[in-house]
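Residues per chain, in single letters:
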Amino acid sequence: MSLLFRQRSSGASQVKISGFRRFVMFFVHNAQQCIASLGELARYPLASMMTMAVLGLSLTLPATLYVVVKNTEKVGGDWDQAAEMTLFLRSGLSQQEIATFTKRLNLSDDIESVRWIPKDEALAEFREGSGFGDALDALPENPLPDVLVVVPAVERRSAQAAQALLLELQKEREVAEARLDLTWLERLQALLNLVRDGFLALAILLCLSVVLIVGNTIRLNINSKRDEIVVMKLVGATNSYIQRPFLYTGVWYGVIGGVIAWFATAVLIWWIQDAVVGISELYDSQFYLEGLSVSEMGILWLLAILFGLFGSYLAVRKHVSSIEPQ
């Protein structure tokens with residue numbers, strides 16, 4: 001009984017060792033094929049670098065467009081600060097009533113801040129800026145009303161939300177008239193949507209071109225090794241074994257192509273940075289292009305690898321399986 005138990009235990013151990021060995025050898029073979037595919041690329045450095053450069057430069061434009069969209073939305077977010085509502089208060093309100101109304105608005109979740117401009121301060125500012133000081137002195141009383149400048153909360157700064165908030169404020173007893181230039185807000189939002197959607201469509205087309213470029217390159221590589229593939233199939237090699245080096249080749253295209261895309265995107269941003277600074281200075285602004293962050297660069301690199309792998313997969317799945325010994 002003990003002998004039978006030992007035999008069974010020995011057999012189970014051999015099965016475990018055999019399974020572990022197959023598991024290890026699987027990764028060893030994959031590592032060998034991965035390194036061999038890199039060596040194959042090194043045998044034809046010019047052709048390989050041209051393909052990688054095409055892949056990297058094809059990804060450069062989507063990456064640059066993403067940077068432009070990101071900075072455009074950043075500018076749009078800054079411009080949203082100008083989405084201020086001007087509330088002209090009724091005449092005859094006391095200072096206490098205005099202060100109470102201002103405090104009540106500040107407590108609202110829909111409003112970020114409220115700034116009170118007393119009518120005397122507004123008249124003094126108008127007198128200084130208009131140049132009609134003598135004419136204003138002839139007026140019997142201050143014709144300007146007290147004004148509240150209301151900045152909506154972030155979630156109420158879109159054109160539709162701002163319009164709804166404006167209608168609510170107009171119903172307040174203390175408000176004689178409320179104004180908000182919705183036209184420029186709607187135009188700004190439409191422009192941002194156009195930029196984002198247009199650049200997204202271009203990015204998708206360019207990424208599709210990357211997949212097609214890699215797929216066509218791998219297809220040509222497979223056709224050039226047709227006789228070698230036939231011999232490998234004659235000696236018993238499976239399709240998956242034959243396909244792996246070509247898949248790793250696509251991965252290497254993506255790895256190096258992603259690095260090229262990093263460098264080219266950084267160069268483009270540096271190239272147009274001076275022009276952007278010059279334009280911002282004309283508007284008395286200090287705006288600098290914000291490039292790709294570390295995480296965004298990692299995503300770009302991962303996308304390049306995935307596109308390279310996907311393009312090579314499409315090619316090997318169709319062409320390797322179609323090659324059969326005659």
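Note that the structure is a prediction, hence the values are computed from the model and not measured. (Residues numbered from 1 in each chain as written. Predicted model: local features only at pLDDT ≥ 70, side-chain atom pairs only at ≥ 80, totals over all residues. Heavy atoms only, no water.)

What am I meant to see in the sheet that holds strand β3 (residues 147-152) here?
Think of a sheet as strands paired side by side through backbone hydrogen bonds, with each pair either parallel or antiparallel. What the 4 strands build is an open sheet, ordered β2-β3-β1-β4; its pairing is antiparallel. Each end of this open sheet is capped by a strand with a single partner; those strands are β2 (111-117) and β4 (175-179). Sheet twist, expressed as the average angle between the axes of neighbouring strands with direction ignored, equals 20°. Pairing analysis gives 4 bridges linking strand β1 (residues 85-89) to β4, with the strands arranged antiparallel. Of the residues in β4, the one forming a bridge with L89 is V175. The sheet strands contacting helix α3 (residues 95-106) are β1, β2, β3 and β4, and the helix crosses β2 at an angle near 160°. (Pairing = 2+ DSSP bridges. Helix = DSSP H or I, 4+ residues; strand = E, 2+ residues; numbered from the N terminus. Axes fitted to C-alpha atoms, helices over the stretch in contact; angles between N-to-C directions. Contact = heavy atoms within 4.5 Å.)

Any chance you could explain the pairing of β1 here in plain terms?
Across a regular strand the side chains alternate sides, sitting on one face of the sheet and then on the other. The alternating pattern of β1 places M85, L87 and L89 on a buried face and T86 and F88 on a face that is not buried. In this structure, β1 lies alongside β3, joined through 4 bridges in antiparallel fashion. Counterpart to T86 in the pairing with β3 is V149. (Buried < 20%, exposed > 50% of the residue type's maximum accessible area, 1.4 Å probe, protein only.)

For this particular structure, what's the right way to read the pattern of salt bridges?
Two side chains bearing opposite charge may form a pair once their charged atoms approach each other closely. On inspection of all chains with the given rule, the structure shows 4 salt bridges. The residue R173 makes a salt bridge to E174 at a minimum N-O spacing of 3.3 Å. Judged by relative accessible area, which is 52%, R173 ranks as exposed. Between E177 and R179 there is a salt bridge whose closest N-O contact spans 2.9 Å. On the basis of relative accessibility, which here comes to 37%, the residue E177 falls in the partly exposed class. (Salt bridge = Lys/Arg side-chain N within 4 Å of Asp/Glu carboxyl O.)

Is there a simple way to explain a nonpolar patch on the surface in this structure?
On the surface, a nonpolar cluster with roughly 620 Å² of combined accessible area is contributed by F263, V267, W270, W271 and I272. Checked against the element boundaries, I272 lands in helix α9 (residues 239-282). Relative accessible area serves as the criterion here: at 31%, I272 is assigned to the partly exposed category. (Patch = residues over 30% accessible without salt bridge, like charges linked within 9 Å, V, L, I, M, F, W, Y side chains within 5 Å. Areas by Shrake-Rupley, 256 points an atom, 1.4 Å probe, with all protein chains shown as cover.)

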